[in-house]
Amino acid sequence: MNETRKFDTKVQYLKYKVLREVAKQAWNDTLLENLLDIPKIIVPGKTPTMRCCVYKERAILAERVKIAMGGRSDRSNIIEVIDIACDECPAAGYEVTDSCRGCLAHRCEDACKRGAISFDHNHVAHIDKNKCVECGQCAKVCPYSAIANRKRPCQAACKIKAISINENNAAQIDDKKCISCGACVYQCPFGAISDKSYILNVVDLLKKSQLGKNYKLFAVVAPSISSQFTYAKLGQVISGLKKLGFHTVVEAALGADMVAQAESKELAEKGFLTSSCCPAFVDYTRKNYPTLIPHISHNLSPMATIARYIKETTANAKVVFIGPCTAKKMEVQLDTVKPYVDSALTFEELQALFDSRDIDITALEEDVLDNASYFGRIFARSGGLSDAVAEGLKEQGLDDFELHAVSCDGIEECKKALTLKSKNLLKENFIEGMACVGGCIGGAGCLTHGAKDKAQVDRYGQEAMEKNILDAISILQ
Amino acid sequence: MKVTVCIGSSCHIKGSRHVVEQLQYLIAENDLGDKVELGGTFCMGQCQKGVCVTIDDSFYSVSPEDTRDFFEKEIKAKV
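Residue and element names in this part refer to chain A. If you check helix H1 (residues 10-27), its first and last C-alpha atoms are 25 Å apart, about what 18 residues at 1.5 Å a residue would give, namely 26 Å. A large share of H1 lies buried, amounting to 15 of its 18 residues. Positive backbone phi, at 60°, marks Asp29, one or two positions downstream of H1.

What follows concerns the packing of helix H2 (residues 16-29) of chain B against helix H3 (residues 67-76) of chain B. Residue and element names in this part refer to chain B. The N-to-C vectors of H2 and H3 enclose an angle of 45°; their axes lie 10 Å apart at closest approach. Classified by the angle their axes make, H2 and H3 are oblique. Where H2 crosses over H3, the two elements pack in a sense that is right-handed. Residue-level contacts link Val19, Gln22, Leu23 and Leu26 of H2 to Thr67, Arg68 and Phe71 of H3. Across the contact of H2 with H3, the residue classes tally to four nonpolar, two polar and one charged.

Let's shift gears to the sheet that holds strand S4 (residues 58-61) of chain B. Residues and elements named next belong to chain B. Pairing is mixed across the open sheet formed by four strands, whose spatial order is S2-S1-S3-S4. Across the chains shown, the open sheet's two edge strands, defined by having one partner strand only, are strand S2 (37-41) and S4. With direction set aside, neighbouring strand axes in the sheet form an average angle of 25°. Both strand S1 (residues 2-6) and S2 contribute to a ladder of five bridges, which runs parallel. Bridge pairing in S2 links Val5 to Gly40. Each of S1, S2 and strand S3 (52-55) touches H2; the most contacted strand, S1, lies at about 155° to it.

So, about the interface of chain A and chain B. With 16 residues of chain A at the interface, the matching set in chain B holds 15 residues. For the side of chain A that touches chain B, a count of residues per class yields eight nonpolar, six polar and two charged.

Across chain B, the average pLDDT comes to 94, with 100% of residues at or above 70. Model confidence for the complex is summarised by a pTM of 0.93, with the ipTM given as 0.93.

With that settled, the discussion passes to the pairing of S3 of chain B. All names here are of chain B. Relative to S3, S1 runs antiparallel, the two sharing three bridges. Note that in S3 the partner of Val5 across the bridge is Val53. With antiparallel pairing between neighbouring strands as the criterion, S3 and S4 make up a hairpin whose turn holds two residues, including Asp56 at a positive phi of roughly 50°.

For the bond from Gly50 of chain B to Val51 of chain B, the omega torsion is 5°, close enough to zero to count as cis. Within the element layout of this structure, Val51 of chain B appears in the loop between S2 and S3. The backbone phi angle of His123 of chain A is positive, close to 70°, even though this residue is not glycine. Of note, His123 of chain A is situated in the loop between strand S3 (117-119) and strand S4 (125-127). Taking the number of C-beta atoms within 10 Å as the measure of exposure, His123 of chain A has 12 and is therefore exposed. The phi torsion at Asn169 of chain A lies on the positive side, around 70°, for a residue other than glycine. Topologically, Asn169 of chain A is positioned in the loop between strand S6 (163-165) and strand S7 (171-173).

Residues and elements named next belong to chain A. In this structure, Ile199, Val220 and Ala435 are the most contacted members of the largest nonpolar core, which totals 153 residues. With residues near it in sequence (within four places) discarded, Ala435 still touches Ile179, Cys181, Cys278, Ala280, Phe281, Tyr284, Ala327, Ile411 and Cys414. The next biggest cluster of nonpolar side chains, apart from the first, holds 11 residues, and it includes Tyr94, Cys108, Cys142 and Ala146.

Residue and element names in this part refer to chain A. Taken together, three strands build an open sheet; the order of strands is S11-S15-S14 and the sheet is parallel. Since the sheet does not close on itself, it has two edges, and those belong to strand S11 (273-274) and strand S14 (405-409), each with one partner. Of the strand pairs in this sheet, S11 and strand S15 (residues 430-434) are connected by two bridges, and their pairing is parallel. Residue pairing across strands places Thr274 opposite Ile431, the latter belonging to S15.

Where interface size is quoted, it is often the accessible area lost as the parts come together. Residues and elements named next belong to chain A. One can read the domain layout of chain A as domain 1 (1-69), domain 2 (74-89 + 152-196), domain 3 (93-150) and domain 4 (199-474). On a C-alpha basis, the centroid separation for the pair domain 1 and domain 2 is 20 Å. Between domain 1 and domain 2, the residue contacts involve eight residues of the former and seven residues of the latter. Breaking the side of domain 1 that touches domain 2 down by element, the ones donating at least two residues are H1 and helix H4 (54-68). Top element by residues in the side of domain 1 that touches domain 2 is H4. It accounts for five residues. Here the residues of the side of domain 1 that touches domain 2 are counted per class, giving five nonpolar, no polar and three charged.

About the criteria used
Residues numbered from 1 in each chain as written. Chains lettered and ligands numbered in written order. Predicted model: local features only at pLDDT ≥ 70, side-chain atom pairs only at ≥ 80, totals over all residues. Helix = DSSP H or I, 4+ residues; strand = E, 2+ residues; numbered from the N terminus. Expected span 1.5 Å × (residues − 1). Buried ≥ 20, exposed ≤ 12 C-beta atoms within 10 Å, placed from the backbone. Axes fitted to C-alpha atoms, helices over the stretch in contact; angles between N-to-C directions. Parallel < 35°, antiparallel > 145°, perpendicular 65-115°, else oblique. Left-handed = near helix turned anticlockwise from the far one by under 90°. Contact = placed C-beta atoms within 7 Å. Nonpolar A, V, L, I, M, F, W, Y, C, P; charged D, E, K, R; others polar. Pairing = 2+ DSSP bridges. pLDDT = per-residue confidence, 0-100. Core = buried A, V, L, I, M, F, W, Y, C linked by C-beta atoms within 7 Å. Domains from an automatic or database assignment.

Now the structure itself:
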């Protein structure tokens, strides 16, 4: 199979090759002795394939190796810029391009409220950057699409404006603002921003468990897995996880069922809540809307909720979360979550882990994964959490409480709802906040993103044996 | 007496919820709540033999249909 087909972009493929190699060396206990050779293993020969020369390629790869090994320890943010990989993209904002034909209409001039547009002797438009406020109105009205917005892809991706340009013209992340959602990681065309990986921790956890002799290592997988590993069957992914050495696999969606029940009850009691599932959304709320902090649901996330249950019921258990999310790597470091989840991986990293052991999941038998209800599973897509809370109210006979949910699809919509609430102008009584567009299936740690992802999550939900929340969690009492 | 029912995927599909619910009911009906501790765990590593149940350290294979027999013979008689 063509390996690049597993990913959306070649940047992800490159990152994967580094992760796979680092993990492979770790399994063989040869990482230390071969560490400096990894860039050359990945880019052999003398012909550059990505950059100006192989030496720069290898220098950048050496940085990628560091990130694959956990990244800089002096910075807690799990999102890191590889400054030598940053191509210093133009960031001039709105600019008139060669396509300007010097027309007569000059709609751009009329559209500009700041008087920033003037014309030369050929009637070609020019933008006075001292007057321009980057509103984009001129670009909208130009019939030749001659005005382009030269914005760095990382800055365009970062809707919360945590990325600026430093004195060396490279991207720089403001850790005080960053919510670790990974949007910039996925969008940078040069792969110059990356999420730190804890794949070595997981290799170590797997090794030391010695197939359950020393402790039982649980894989808790996010329901968005239903839109991933599309080249194989979900049951084969489960077999692959057990082949890696995990004791068993449990759905984070069962934690979602538990959260849906508790959160709907909490909502009926308090009258207003913002959701606590998405760590990037919670972090964003905490950093920007301190007055709303008391309204954040007191429930742990589904991941932490199910991990806590596992640790309470199984002696000597350790838990690795596997999902689409870079922010989960930040969440597992929180004091409230740390005792329950030992490490977090993305689907990208899981692919690298399989291949570091030469596990071809398509050749494996199908195992089963069925713990959660339909409602727990649909948490993976925008709107699913609100549906589940509505169901939770119904099943617990709390129908008197009238749910008016606003499902915020992406951090921009979250911002809108939170701002309204902070000014007491929001009419809804429940904010479902998902930092990624589409919900978790839009996460930066996904292997692939596609138009069918939502339908796949819904189908996976319908395949659950348990059809309602109380049935799924009754087993836990 | 500690009774643990496997609630992992494989046993769940074979009906572990019904085993748990019946045991909960039977324990309450026979007023054994203070003598029998009922709990769940994910996967006992014997998926072919599900629904897997342990009483203290002994292993049993139970199905939803024979849960009542299992209760009478292994729990009620021995507690």
